[in-house]
Amino acid sequence: VRVPSFSATSATINIAAGATFDGNGTATLNQTTFDVAGAYSNGNMILNLNNVVMQGTGSFTNTGSVNMYDDDANPSRIEVPIVNQGSFLVRGLNNEFTSSSVTNAATGTLTVQTDNSSFALDSRLALSNGLTNDGLIRMFDARTTCCSNPFLRISGGAGPIVNSVSGTIEDHVS
């Protein structure tokens, strides 16, 4: 399926092995389960994931853009192996990568960011089994008002966070 743009709330989306679900548009998913059975790539698509669980027996390669956030106590969680080759933005306190394999590739940018919205004054990405960084990880405070001392965190869980020779970690906290 080539997606121009759409949104779904409280839904289940199933991506069968060999199926495509990409395009040049934006998919905004709210409180949705995203089941992946094979190797899935979003192509040029922008995925907005709010309180979304991506699960299944497959894997996810981001070659476009992902905005992952939670706007309440429910987490956004990705449970399948991840390779980030594009732009991946994480906002809010309850975001999780629970897969045994998480890689930020040389072309990937993983940003954990605060902002002025009430749900992202602080932001955290919990990794159950660590991460390998070959690209760029950015910790970014984008708040223009309110509060001091932002809480920005990537926690490694049971596995290490490995920053390779080609990897860079930047801190943009005011």
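Preceding this section is the structure that the text describes.
This write-up is about the structure you can find in this document. (Residues numbered from 1 in each chain as written. Predicted model: local features only at pLDDT ≥ 70, side-chain atom pairs only at ≥ 80, totals over all residues. Heavy atoms only, no water.)

**Comments concerning the side chain of Asn-62**
Turning to step 1, where the next piece is worked out: Within the secondary structure layout, Asn-62 lies in strand β8 (residues 59-62).
Turning to step 2, where the next piece is worked out: For Asn-62, a relative accessible area of 0% gives the class buried.
Turning to step 3, where the next piece is worked out: Other than its neighbours up to four places away in sequence, Asn-62 contacts Asn-42, Val-83, Asn-84, Gln-85, Gly-86, Ser-87 and Phe-88. (Helix = DSSP H or I, 4+ residues; strand = E, 2+ residues; numbered from the N terminus. Buried < 20%, exposed > 50% of the residue type's maximum accessible area, 1.4 Å probe, protein only. Contact = heavy atoms within 4.5 Å.)

**So, the sheet that holds strand β3 (residues 26-30)**
Turning to step 1, where the next piece is worked out: Reading across the sheet, the 8 strands line up as β1-β3-β6-β9-β12-β15-β18-β21 and stay open at both edges, with parallel pairing between neighbours. Edge strands, defined here as strands with exactly one partner in the open sheet, are β1 (5-9) and β21 (168-172). On average, each strand axis in the sheet is inclined to that of its neighbour by 10°, with strand direction left out of account.
Turning to step 2, where the next piece is worked out: In terms of strand pairing, β1 meets β3 through 5 bridges, oriented parallel. The residue bridging Ser-7 from the neighbouring strand is Thr-28, located in β3. (Pairing = 2+ DSSP bridges. Axes fitted to C-alpha atoms, helices over the stretch in contact; angles between N-to-C directions.)

**Structural notes on the pattern of salt bridges**
Turning to step 1, where the next piece is worked out: Under the defined criterion, the tally for this structure stands at 1 salt bridge.
Turning to step 2, where the next piece is worked out: A salt bridge links Arg-77 to Glu-79, with the nearest nitrogen and oxygen atoms 2.6 Å apart.
Turning to step 3, where the next piece is worked out: For Arg-77, a relative accessible area of 22% gives the class partly exposed.
Turning to step 4, where the next piece is worked out: Since its relative accessible area comes to 30%, Glu-79 is described here as partly exposed. (Salt bridge = Lys/Arg side-chain N within 4 Å of Asp/Glu carboxyl O.)

**Notes on the sheet that holds strand β11 (residues 82-84)**
Turning to step 1, where the next piece is worked out: The parallel open sheet is built from 6 strands, whose spatial order is β5-β8-β11-β14-β17-β20. A strand with exactly one partner marks an edge of an open sheet, and here the two such strands are β5 (39-41) and β20 (161-163). Neighbour to neighbour, the strand axes of the sheet diverge by 10° on average, direction disregarded.
Turning to step 2, where the next piece is worked out: Bridge analysis of β11 against strand β14 (residues 102-104) gives 3 bridges, and the strand direction is parallel. Looking across to β14, one finds that Val-83 is bridged to Thr-103.

**Section: the packing of aromatic side chains**
Turning to step 1, where the next piece is worked out: Scanning all chains against the criterion turns up 3 aromatic pairs.
Turning to step 2, where the next piece is worked out: Where Phe-34 meets Tyr-40, the ring centres are 5.5 Å apart and the plane angle is 50°; that geometry is what we call tilted.
Turning to step 3, where the next piece is worked out: Relative accessible area serves as the criterion here: at 2%, Tyr-40 is assigned to the buried category.
Turning to step 4, where the next piece is worked out: When the centroid spacing of 5.3 Å and the interplanar angle of 80° are considered together, the rings of Phe-88 and Phe-97 count as edge-to-face. Comparing Phe-88 with Phe-97, the two get one shared label, buried.
Turning to step 5, where the next piece is worked out: Aromatic ring contacts, followed pair by pair, group Phe-34, Tyr-40 and Phe-60 into a single cluster. (Phe/Tyr/Trp six-rings, centres within 6.5 Å; stacked < 30°, edge-to-face > 60°.)

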